[in-house]
Amino acid sequence: MRNVAAGFIEAEGFVPIFDAVDAMVKATEVEVTGVVRLGGGIVAVAVRGDLATVEEAVDVGEEVARAKTGRSVKSIVFASPCEAVRALNAEPRLLGN
């Protein structure tokens, strides 16, 4: 099986995340696997694809979300995710409420 990178971005509110998703899919060939509310107003998006694509998408998404919210935006990319991270990336609703 081909190794697929996993990426996550979290920001305050749906609007910055939706704006980030729009920018990511327009700029790259990344696959968005889901958006989930984490609580406390924090919303996350999960993406997957080859490593270079995920890194580029997360950079674009983080920049767009930060510009929209003006607040802290966090992200992480897993180049070679373990089985548990792959499962969370495939079903991000497992993260939130």
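Residues numbered from 1 in each chain as written. Predicted model: local features only at pLDDT ≥ 70, side-chain atom pairs only at ≥ 80, totals over all residues. Heavy atoms only, no water.

Of note, E62 is situated in helix α2 (residues 51-69). A polar atom in the side chain of E62 sits 2.8 Å from the side chain of R66. Those residues within four positions of E62 in sequence are excluded, and the remaining contacts are I9, V73 and S75. (Helix = DSSP H or I, 4+ residues; strand = E, 2+ residues; numbered from the N terminus. Polar contact = N/O pair within 3.5 Å; in protein donor to acceptor, adjacent residues only side chain to side chain. Contact = heavy atoms within 4.5 Å.)

You can see V43 is positioned in strand β3 (residues 42-49). Residue class for V43 comes out buried when judged on its relative accessible area of 2%. On a C-alpha basis, the gap between V43 and V25 in space is 18 Å, while along the polypeptide they are 18 residues apart. The residues contacting V43, other than those within four sequence positions of it, are I9, E10, A11, G13, F14, I17, V35, V36, R37 and L38. (Buried < 20%, exposed > 50% of the residue type's maximum accessible area, 1.4 Å probe, protein only.)

Our focus in this paragraph is the packing of aromatic side chains. Applying the stated criterion across every chain, the model contains 2 aromatic pairs. Both rings, one in F8 and one in F78, keep their centres 6.3 Å apart while their planes meet at 85°; by these two values the pair is edge-to-face. In this pair, F8 sits in strand β1 (residues 5-12) while F78 sits in strand β4 (residues 74-78), placing the two residues 70 residues apart along the sequence. When its relative accessible area of 13% is taken as the criterion, F8 is described as buried. Ring geometry for F14 versus F18: centroids 5.4 Å apart, planes at 35°, classification tilted. With F14 and F18 both in helix α1 (residues 14-27), this residue pair falls 4 residues apart, about one helical turn. (Phe/Tyr/Trp six-rings, centres within 6.5 Å; stacked < 30°, edge-to-face > 60°.)

On to the sheet that holds β4. Taken in spatial order, the 4 strands make up an open sheet running β2-β3-β1-β4, and their pairing is antiparallel. The open sheet has two edge strands with one neighbour each: β2 (31-39) and β4. The average undirected angle you get between the axes of adjacent strands in this sheet is 15°. In the packing of α1 onto the sheet, the strands contacted are β1, β2 and β3, and the crossing angle to β2 comes to about 170°. Across the sheet, α2 lies against β1, β3 and β4, angled at about 5° from β1, the strand it touches most. (Pairing = 2+ DSSP bridges. Axes fitted to C-alpha atoms, helices over the stretch in contact; angles between N-to-C directions.)

What follows is about the pattern of salt bridges. Scanning all chains against the criterion turns up 6 salt bridges. Across the pair D22 and K26 runs a salt bridge whose closest N-O atoms are separated by 3.1 Å. Of the two residues, D22 and K26 both sit in helix α1, 4 residues apart, roughly one turn of that helix. By relative accessible area, K26 is classed as exposed at 64%. For R86, the salt bridge is made with E83, and the minimal N-O distance between the two is 2.6 Å. On the criterion of helical spacing, the pair formed by R86 and E83 is a turn pair, its members being 3 residues apart in helix α3 (residues 83-90). (Salt bridge = Lys/Arg side-chain N within 4 Å of Asp/Glu carboxyl O.)

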